[in-house]
Amino acid sequence: FVGAMVGAGQSLRMLGRAEHGLRLARQALLVNKDDPDALFLAGCLCYARGEGHAAKVYLDRFLDTKPEIEAAIEARGMLKAIEGDVSDVEDQDD
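Structural notes, computed from the coordinates. This structure is a prediction, so every number in the text was calculated from the model and none was measured.

How each quantity is defined
- Here, residues in each chain are numbered from 1, in the same order as that chain's written sequence.
- With the structure being a predicted model, the display of local features is reserved for residues of pLDDT at least 70 and the display and counting of side-chain atom pairs for 80 or more, all residues being used for whole-chain, interface and lining totals.
- Derived side-chain values reflect all non-hydrogen atoms in the structure, with water molecules and hydrogen atoms excluded from consideration.
- Throughout, an axis means a line fitted to C-alpha atoms (over the contacting stretch in the case of helices), and angles, computed between N-to-C directions, take values from 0 to 180 degrees.
- Put simply, DSSP marks the helices as runs of H or I at least four residues long and the strands as runs of E at least two long, and each gets a number from the N terminus on.
- Handedness of a crossing follows from how the near helix is turned relative to the far one, being left-handed for an anticlockwise turn of less than a right angle and right-handed for a clockwise one.
- Here, two residues are considered to be in contact whenever any of their heavy atoms come within 4.5 Å of each other.
- All residues other than Ala, Val, Leu, Ile, Met, Phe, Trp, Tyr, Cys, Pro, Asp, Glu, Lys and Arg, Gly among them, are scored as polar; the first ten of these are nonpolar and the last four charged.
- Angles below 35 degrees are treated as roughly parallel, those above 145 as roughly antiparallel, those between 65 and 115 as roughly perpendicular, and all remaining angles as oblique.

1. Some words on the packing of helix H3 (residues 36-48) against helix H5 (residues 69-82)
So, point 1. At a closest axis distance of 11 Å, the pairing of H3 and H5 adopts a crossing angle of 35 degrees. As H3 packs across H5, the resulting crossing turns out to be left-handed. On the side of H3, the interface is formed by Phe40, Cys44 and Tyr47, while H5 contributes Ala71, Glu74, Ala75, Met78, Ala81 and Ile82.
So, point 2. Of the residues that constitute the contact of H3 with H5, the class distribution is eight nonpolar, no polar and one charged.

Structure representation (structure tokens):
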């Protein structure tokens, strides 16, 4: 059920319907507040809508789930952009 809502939300995201996609992501989080896919989707959609604070909350929670490296890099990149840092997110060890 949660997966279907997140999948539909991703589809709406791709169609440029961020508001509707965000609504589905938030509904999914009501069912499972720690669902990593729903947290990532909500973070991406808030970021795209210019809602930096909300995006940061969702993306930080997403990173707490210990996601796969590719998704973590993408989330960290959005967080850095929110904070105004445009340096390379993959150079964290430097």
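2. Let's talk about the packing of helix H1 (residues 2-14) against H3
So, point 1. Where H1 contacts H3, the two axes come as close as 10 Å, and the packing angle between them is 20 degrees. Judged by the angle between their axes, H1 and H3 are roughly parallel. Like other packed secondary-structure pairs, H1 and H3 cross with a definite hand, here left-handed. The segment H1 lies against H3, with Val6, Gly9, Gln10 and Arg13 engaging Asp37, Ala38, Leu41, Cys44 and Leu45.
So, point 2. Residue classes in the contact of H1 with H3 are distributed as five nonpolar, two polar and two charged.

Limitation: the analysis is restricted to geometry and does not speak to function.
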